[in-house]
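# Architecture and fold: a report
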Amino acid sequence: MIKYNSKTREFHLYNKYFSYIIGILDNEQLGQYYFGEKIRHKETFSHLFEKKQCETPVTPSLDGKGFTLDLIKQEYPVYGTGDYREPALTIFQENGSRIVNFIYKEHSITKGKKKIEGLPSIYVNDGENAETLEIILEDEVINTKLILSYTIIENYSALMRSVKIINNSNEVLNIEKIMSLSLDLPDTNYTMMQLSGAWGRERHVIEKPLTRGITLIDSQRGTSSAMNNPFVGLRRPNTTLDTGEIIGINLIYSGNFSSVVESDPYDTTRVNIGINHFDFNWELEPGEEFQSPEAVLVYSNDGINGMSLTFHNLYKNNLIRGKYKNNIRPILINNWEGTYFDFNEEKIIKMAESASELGIELFVLDDGWFGTRNDDFQGLGDWDVNLEKLPSGITGLAEKINKLGMKFGLWFEPEMVNKNSKLYEKHPDWIISAPNRHKTEARNQYFLDLSRPEVADYVYESVAKNLRSANIEYVKWDMNRTMTEIYSHGRSFKKQKETVHRYFLGLYSILERLVNNFPNVLFESCASGGNRFDAGMLHYMPQTWTSDDTDAVERLKIQYGTSMVYPIPSMGSHVSITPNHQTKRITSLDMRGNVAIFGTFGYELNPKDLSEKDREDVKKQIRMFKQFRELMAVGDFYKIKSPFDGTETAWAMISPDKKEALVGYYKVLVDVNGGFKRIKLFGLDKNLDYTVTKIGEKKLENIGGDELTNIGLFVGNVQGHGLPEGDYYTELYHIKNLL
Ligand code: GLA
């Protein structure tokens, strides 16, 4: 899959889906020749290299003619040598120079992929065919190596990239910017896609045509954030959900990131992604090395769904780990919206009894069980059970819940401390805060400085001691603020700009220890809902609470947007009570269930608040979910109709053998006196016949996969009785090949 031609000095990385071609240029730097659909391998692609001289600065080359860097596609552009586009790397040196010149030295092509120490990354499973190319470049003036790493796995249309710097000099180098990936594309005919939003409306799909200039997608909040996800898509303007080209770029990282998409005066596009260089600097001492996070570059010529499916399968099989990888997850109930802080043991047991009668399998006790945590002004940091509220302790409560036939799970917010806590009293300098400055509070709390090993150890132990004390089989790991006044009291003044990245190295080391030492625990990450929904967290925790917004209509957009990159089983999705607590909207239990089923599925309510009829309906809903949970865990998800394009949404989960599918159809506003509706499905086998059952209604036999693809599935009010369906209308269709 990786070929090197030593005569023409070209690398061709390819599998059945895509080709990626790099050449060593005449000035010994690397040029980017091609990235796109697979092309047949041949001896040389040197004709692809476009070089010319113009009146802008000319870089000397071996043939004596020179060329203009600003005009050529580069593999890993650096600052200061006549390329005026966004550089991927800036190093400030002891003599004040920022000029570097990394030229080709050697390379290696090896089987498999090395683990990236200390950072989340893609791994290769036994039996999988993968190859890694490492290109070693060197700047002789500062005696420093730059290693560009590329991994290709046979069955994915994806290239994993990361960068490492090794300082072999005697001087301290300040890395001011280091992108994980830079990519130059030969034209600008793209529509750019980003996943952006805010609390309660995370990862909405925003698209715009590329225009001359720079677009920056980033986070400076100390979390990957709900505002911008570390993802950029570049699609051709006519690309649809199931046809056409799209390139997707995602960073496996949970901290501050940036991605620049630049359309330049010569009509080429440059895109990069990596740690946000805003307020970042890394002092690299002699002998030290710095490793960037990993970025994933996906190519699809099968439309947006093709890109998403590659991300989903790669993340399900080669990023997510542990017992619950590709496995069904227990149906949970979480007490947060059911009780908020107002609970005691008796109330919790009653909720649990009632939930177990409904068929729920896991009871999760949310915030409020520890220290003096009776509201959100106090207690964070003191992870000992409050025996006044819970006299049997966590141990006793877990036992009682286990006796009801349910697993027990517990909420933590270990990265935080309230001023009003024993921990803060003892260690006021453990928080991220600047000397002699105001300490901004958010939800009345501060960040513990996980960049300091002693703080990271405390945080690990706070959770671990509880996990050792009781039969806890699930943990919700929450994080409810963003960073301000970034400063670490454990670090010299020159290294302050390392704090945020070091925080994440600290967090990842805690999580690595936890998942290894407690392999039976199902971890779900959360950050005020979806403020840290990223591939970094998924490496440790297979699911993330997608949003605090549990309104089914809002969730259509949030889950659809999230599914651009992240797999359905990674999305925490629960049915809550109406009127909805975030929107006050009233939707049917069917609508709420039919949306939540495309996710991990659970409930966020007090079952005692349900009417008798609702209880019966919830039981049916749970039976239905159990029927489809296997399909939901392993199936391929296809987006069919976008909630951002009108009032209808449709999507489907299709089994990998294409013999079974569950289609969700949702119409948030009624069409008065509307016509018949059909939706064309994607992803079915056109040669198979299926039975189509609208859940709760009659079966239609022998419908061809070709019919469902080309003519479509009739949805909505097809009986012609003329009655309006009403707002928030929903249907589920079970499609099955019986042979
Ligand atoms: C955050 C989470 C909620 C809940 C509360 C508890 O807001 O997103 O799900 O756990 O904290 O304080």
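Everything in this summary refers to the structure shown in the same document. Since this is a predicted model, take the numbers as computed values, not measurements.

### Structural notes on the sheet that holds strand S28 (residues 543–545)
On the basis of which strands lie adjacent, the open sheet formed by nine strands has the order S29-S28-S27-S26-S23-S22-S21-S31-S30 and parallel pairing. Looking at strand neighbours, the two that pair on one side only are strand S29 (571–572) and strand S30 (574–576), the edges of this open sheet. Pairing of strand S21 (residues 332–334) with strand S31 (residues 602–604) involves two bridges; the strand directions are parallel. Note on S31: the bridge partner recorded for Ile333 is Tyr603.

### Let's talk about the sheet that holds strand S4 (residues 30–37)
One open sheet accounts for four strands, arranged S1-S2-S3-S4; its pairing is antiparallel. The sheet is open, and its two borders are formed by strand S1 (2–5) and S4, each paired with just one other strand. Between one strand and the next, the sheet's axes are offset by a mean angle of 15°, whatever the strand orientation. The sheet contact formed by strand S3 (residues 18–24) and S4 spans seven bridges and is antiparallel. If you follow Tyr20 over to S4, its bridge partner there is Phe35.

### Overview of the site of the ligand
Inspection of the region around the ligand gives 13 residues, with Asp366, Asp367, Arg443, Lys476 and Asp548 positioned closest. Asp366 places a side-chain nitrogen or oxygen 2.7 Å from an oxygen atom of the ligand. In the environment of the ligand, an oxygen atom lies 3.0 Å from a nitrogen or oxygen atom belonging to the backbone of Gly529. Taken by itself the ligand offers 310 Å² of open surface, and the protein chains cover 94% of this. Among the residues making up the shell around the ligand, the classes are represented as four nonpolar, three polar and six charged.

### Remarks on the pairing of strand S14 (residues 231–235)
For S14, a buried count of five out of five residues is recorded, marking the element as mostly surrounded by other parts of the structure. The side-chain alternation of S14 yields two buried faces, one formed by Phe231, Gly233 and Arg235 and the other by Val232 and Leu234. By the bridge criterion, three bridges tie strand S11 (residues 191–198) to S14 in an arrangement that is antiparallel. From the neighbouring strand, Met193 faces S14, where its bridge partner is Gly233. For S14 and strand S15 (residues 246–252), the ladder comprises five bridges, and the chain directions are antiparallel. Note on S15: the bridge partner recorded for Phe231 is Asn250.

### Some details on the nonpolar core
With 209 residues, the main nonpolar core has Tyr315 and Trp369 as its most contacted residues. With nine residues, helix H7 (residues 499–517) is the single largest residue contributor to this core. Discounting residues that sit within four places of it in the chain, Tyr315 has contacts with Ile122, Asn250, Ile252, Val296, Ile320, Ala535, Val565, Tyr566 and Pro567. Counting eight residues, the second largest nonpolar core, distinct from the first, contains Leu25, Tyr33, Phe49 and Phe67.

### A word on the packing of aromatic side chains
For the coordinates displayed, the defined rule picks out 37 aromatic pairs. With a centroid separation of 5.9 Å and an interplanar angle of 55°, the aromatic rings of Tyr253 and Phe504 are classed as tilted. Of this pair, Tyr253 sits in the loop between S15 and strand S16 (257–263) while Phe504 sits in helix H7, and the two are 251 residues apart along the sequence. Judged by relative accessible area, Tyr253 falls into the buried class, the value being 1%. On the accessibility criterion, Phe504 (0% relative accessible area) is buried.

### Section: the environment of Lys667
Topologically, Lys667 is positioned in strand S34 (residues 660–667). Take Lys667: its relative accessible area is 4%, and that puts it in the buried class. Each C-alpha atom of the pair Lys667 and Thr647 lies 5.7 Å from the other, and the pair is 20 residues apart in sequence. Side chain to side chain, Lys667 and Glu725 meet in a polar contact 3.4 Å long.

Cut-offs applied
Residue positions are given per chain, counted from 1 along the sequence in the order it is written. Only residues with pLDDT of at least 70 get local features here, since the model is predicted, and only at 80 or more are side-chain atom pairs given and counted; chain-wide, interface and lining totals rely on the full set of residues. For side-chain calculations, the full set of non-hydrogen atoms in the structure is used, while hydrogens and water are omitted. Note on pairing: two strands pair once DSSP finds at least 2 bridges between them. In DSSP terms, a helix is any run of H or I states spanning at least four residues, a strand is any run of E spanning at least two, and both are numbered starting from the N terminus. The axes used here are C-alpha line fits, helices contributing only the stretch in contact, and every angle between their N-to-C directions lies in the interval 0 to 180 degrees. One heavy atom within 4 Å of a molecule or strand is enough for the residue carrying it to be called near that molecule or strand. Pairs of N or O atoms within 3.5 Å make up the polar contacts considered here, provided that, within protein, one atom can donate a hydrogen while the other can accept it, and that residues adjacent in sequence are counted only when both atoms are side-chain atoms. Here the Shrake-Rupley method, with its probe set to 1.4 Å, supplies the accessible areas, and only the displayed protein chains count as covering residues. All amino acids are sorted into three groups, where Ala, Val, Leu, Ile, Met, Phe, Trp, Tyr, Cys and Pro are nonpolar, Asp, Glu, Lys and Arg are charged, and the leftover types, Gly among them, are polar. Three exposure classes are used, based on accessible area relative to the maximum for each residue type with a 1.4 Å probe and protein chains only: buried under 20%, partly exposed in between, and exposed over 50%. Side-chain atoms within 4.5 Å are what join buried Ala, Val, Leu, Ile, Met, Phe, Trp, Tyr and Cys residues into a set we call a nonpolar core. Note on contacts: a residue pair qualifies if any of its non-hydrogen atoms lie within 4.5 Å across the two residues. A pair of Phe, Tyr and Trp rings is counted when the ring centres sit within 6.5 Å of each other, with Trp represented by its six-membered ring. The angle between the planes then sorts it: under 30 degrees is stacked, over 60 is edge-to-face, the rest tilted.

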